[in-house]
Amino acid sequence: IHHIVQNGGLYKKPFNEAFEETPMLVAVLTYVGYGVLTLFGYLRDFLRQWKIEKCQNATEREEQKDFVPLYQDFENFYNRNLYMRIRDSWNRPICSVPGAKVDVIERVSHDYNWTFTYTGRVIKDVINMGSYNYLGFAQNNGACQEAAAEVLSQYGAGVCSTRQEMGNLDKHEELEKLVARFLGVESAMTYGMGFATNSMNIPALVGKGCLILSDELNHASLVLGARLSGATIRIFKHNNMQSLEKLLKDAIVHGQPRTRRPWKKILILVEGIYSMEGSIVRLPEVIALKKKYKSYLYLDEAHSIGALGPTGRGVVEYFGLNPEDVDVLMGTFTKSFGAAGGYIGGKKELIDYLRTHSHSAVYATSLSPPVVQQIITSMKCIMGEDGTTLGKACVQQLAENTRYFRRRLKEMGFIIYGNEDSPVVPLMLYMPAKIGAFGREMLKRNIGVVVVGFPATPIIESRARFCLSAAHTKEILDTALKEISEVGDLLQLKYSRHRLVPLLDRPFDETTYEETED
């Protein structure tokens, strides 16, 4: 399904997203693959029960057999029999800065991934296609590192207190003023953890008698925050404005269940870039609906801040919208800024309220001073306030890398999800056996990739996820693309029936399709 949307003037430029349908044969073979794995899983559980096969998973002790079980055997069936086969594709330890290239500590398993042992060897200069280092600020030299080191020597590493007690440094105040200016909002507040920024602040904004309308593909932190709030949650289809509008209409017409009283608040939860799909929120339409039905909008810009927009101001700038139209602007410093923590920006009344009501403000330790300085230096660099054009060049380089990498993968015949401007690039693998095989084959070729399967994705939509960076040079991308194409041929991953025609005289942002026979 290829979306090219202009939608009555809401969009100032074409909005191109592609979600090619799963080929029928591939879908059938994927289900068969999971079926075979499940059958063998039951067989192996039977053998373990009768002590024919050694049982390596956690089990209840004999004297506790009559207790309520702490460990649910059936719930962990997937981990035991499916995940364990490809566990070596995850949690690989690295021992360097997560820049364009990383050093990976080699490990081996002699018991089919139940345990690992380190060989003592380090795999050097592995091309890093997995870290969220969008603007290349994850580095151990340069202005950011020097400024952070200076602050470390002055303030130390930890604050040892909350913001409301003894943990409110001048650096925190400086950072919050800078974030507010960067976002174009009245005020901002920063937090020590990106996940907690969502999960601890949503309960402070809504509660019982309120309604949350959440995109079906929202991040786990948004889902947890919504559940902790005690508000009623209703899910709308991913990026589907008809589905969202229907829920808004129903909420206003019918009110709360049983009592029919109007909802105290209606809060729409969306993300800027969806980190598994590579899609960008249809923000102009969401804002139009929000204004039409008098609801509130909470926008999570974890992956989009710094990575989208001509000057890296995120999805709001990407669409040329006014930040004041978004009630709660949330984002993290863990990706584009190469640091840690998160922020919330908005009206002064909102931020003043959160300072006293948010659990992550009242009970959590403040941001570490060197981390704060890393954010300040990188943000000033993006804004051009460091006296250089390095930040602007990084934002432009990321956009160029994104379009080039996506176009080349489509030309090769892979099914690629998401928006053409999204630096998150999902390449569809589908079959369970290909998840582990793709990760291993790429590492053999000195390329580190992230592979993702159920339950993080739908069961037949396993994928590899590439994250592009401004630190990637064209040579690095060409090397990665060559190896990806080779592994794609080896594992027969080029499923696409829409082949891009690589015309040398074609303008950079145009796309030509030719239908290929199945």
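Residues numbered from 1 in each chain as written. Predicted model: local features only at pLDDT ≥ 70, side-chain atom pairs only at ≥ 80, totals over all residues. Heavy atoms only, no water.

Asker: Run through the pattern of salt bridges, naming residues and quoting values.
Answerer: Evaluated as defined, the whole model comprises 31 salt bridges. A salt bridge links Glu 176 to Arg 355; its shortest N-O distance comes to 3.1 Å. Of this pair, Glu 176 sits in helix H4 (residues 170-183) while Arg 355 sits in helix H10 (residues 348-357); the two residues are 179 residues apart in sequence, bridging distant segments of the chain. When its relative accessible area of 26% is taken as the criterion, Arg 355 is described as partly exposed. Salt bridges sharing common partners tie together Glu 441, Lys 444, Arg 445, Lys 482, Glu 483 and Glu 486. (Salt bridge = Lys/Arg side-chain N within 4 Å of Asp/Glu carboxyl O. Helix = DSSP H or I, 4+ residues; strand = E, 2+ residues; numbered from the N terminus. Buried < 20%, exposed > 50% of the residue type's maximum accessible area, 1.4 Å probe, protein only.)

Asker: So what about helix H14 (residues 432-444)? Which residues, and what values?
Answerer: Given a rise of 1.5 Å per residue, 13 residues ought to cover 18 Å, and the 19 Å separating the end C-alpha atoms of H14 matches this to within 8%. Regarding H14, the residues found buried are Pro 432, Lys 434, Ile 435, Gly 436, Ala 437, Phe 438, Gly 439, Glu 441, Met 442 and Leu 443. With its phi angle positive at about 65 degrees, Asn 446 sits one or two positions after the end of H14. (Expected span 1.5 Å × (residues − 1).)

Asker: I'd like to hear about a nonpolar patch on the surface, residue by residue, with values.
Answerer: Judged by side-chain polarity, Met 24, Val 28, Val 32, Val 36, Leu 39, Phe 40, Leu 43, Phe 46, Trp 50 and Ile 52 come together as a nonpolar surface patch covering roughly 1,100 Å² of accessible area. Counting through the fold element by element, Val 32 comes out in helix H1 (residues 24-49). Look at Val 32 and you get partly exposed, because its relative accessible area is 46%. (Patch = residues over 30% accessible without salt bridge, like charges linked within 9 Å, V, L, I, M, F, W, Y side chains within 5 Å. Areas by Shrake-Rupley, 256 points an atom, 1.4 Å probe, with all protein chains shown as cover.)

Asker: Could you give an account of the side chain of His 303, naming the residues involved and the relevant values?
Answerer: Considering the arrangement of structural elements, one finds His 303 in the loop between strand E9 (296-300) and helix H9 (315-318). A relative accessible area of 6% places His 303 in the buried class. At a separation of 2.7 Å, a polar atom in the side chain of His 303 contacts the side chain of Tyr 134. (Polar contact = N/O pair within 3.5 Å; in protein donor to acceptor, adjacent residues only side chain to side chain.)

Asker: Tell me about empty space enclosed by the protein, residues and numbers included.
Answerer: Taken as a whole and judged by the stated rule, the model has 2 cavities of 30 Å³ or more. Volume-wise, the second largest cavity comes out at about 60 Å³. In terms of lining residues, the second largest cavity is bounded by Arg 163, Thr 190, Tyr 191, Gly 192, Ser 360, Ala 361, Ala 364, Thr 365, Ser 366 and Leu 367. Those elements that place two or more of their residues in the lining of the second largest cavity are strand E5 (187-191) and helix H11 (359-362). Its residues placed into classes, the lining of the second largest cavity shows 4 nonpolar, 5 polar and 1 charged. (1 Å grid on protein atoms, 1.4 Å probe; cavity = no way out; pocket = protein on both sides within 12 Å on 5 of 7 lines; lining within 4 Å. Points joined across faces, edges and corners; volume = space filled by probe spheres on them. Nonpolar A, V, L, I, M, F, W, Y, C, P; charged D, E, K, R; others polar.)

Asker: Could you give an account of the sheet that holds strand E14 (residues 447-448), naming the residues involved and the relevant values?
Answerer: Across the sheet, 3 strands lie side by side as E3-E4-E14; this open sheet has mixed pairing. The open sheet has two edge strands, strand E3 (101-108) and E14, and neither has a second partner. Where strand E4 (residues 117-128) lies against E14, 2 bridges are found, and the strand directions are parallel. Of the residues in E14, the one forming a bridge with Ile 127 is Ile 447. (Pairing = 2+ DSSP bridges.)

Asker: Can you tell me about the UniProt feature "transmembrane region" (unreviewed entry) in the protein, naming the residues and giving the values?
Answerer: Those residues carrying the UniProt feature "transmembrane region" (unreviewed entry) are residues 24-43 in this numbering. The distance from the first to the last C-alpha atom of residues 24-43 is 29 Å, and the span holds 100% helix and 0% strand. (UniProt positions renumbered as here; feature names shortened; annotations may be inferred.)

Asker: Give a description of the nonpolar core that names residues and reports values.
Answerer: In this structure, Met 129, Phe 405, Leu 409, Phe 438 and Phe 466 are the most contacted members of the largest nonpolar core, which totals 106 residues. For this core, the domains that each give at least three residues are domain 1 (20-128 + 389-500) and domain 2 (143-383). Ranked by size, the runner-up nonpolar core spans 21 residues in total, among them Ala 204, Leu 205, Leu 267 and Leu 269. (Core = buried A, V, L, I, M, F, W, Y, C linked by side-chain atoms within 4.5 Å. Domains from an automatic or database assignment.)

Asker: Can you tell me about the side chain of Ser 161, naming the residues and giving the values?
Answerer: One can find Ser 161 in the loop between helix H3 (143-155) and H4. There is a polar contact of 2.9 Å between the side chain of Ser 161 and the backbone nitrogen of Met 166.

Asker: For the pairing of E5, give the residues involved together with the corresponding values.
Answerer: The buried fraction of E5 is high, at 5 of 5 residues. Both faces of E5 are covered, namely the face carrying Ser 187, Met 189 and Tyr 191 and the face carrying Ala 188 and Thr 190. Of the strand pairs in this sheet, E5 and strand E11 (residues 342-346) are connected by 5 bridges, and their pairing is antiparallel. When the sheet's bridge partners are listed, Met 189 is paired in E11 with Ile 344.

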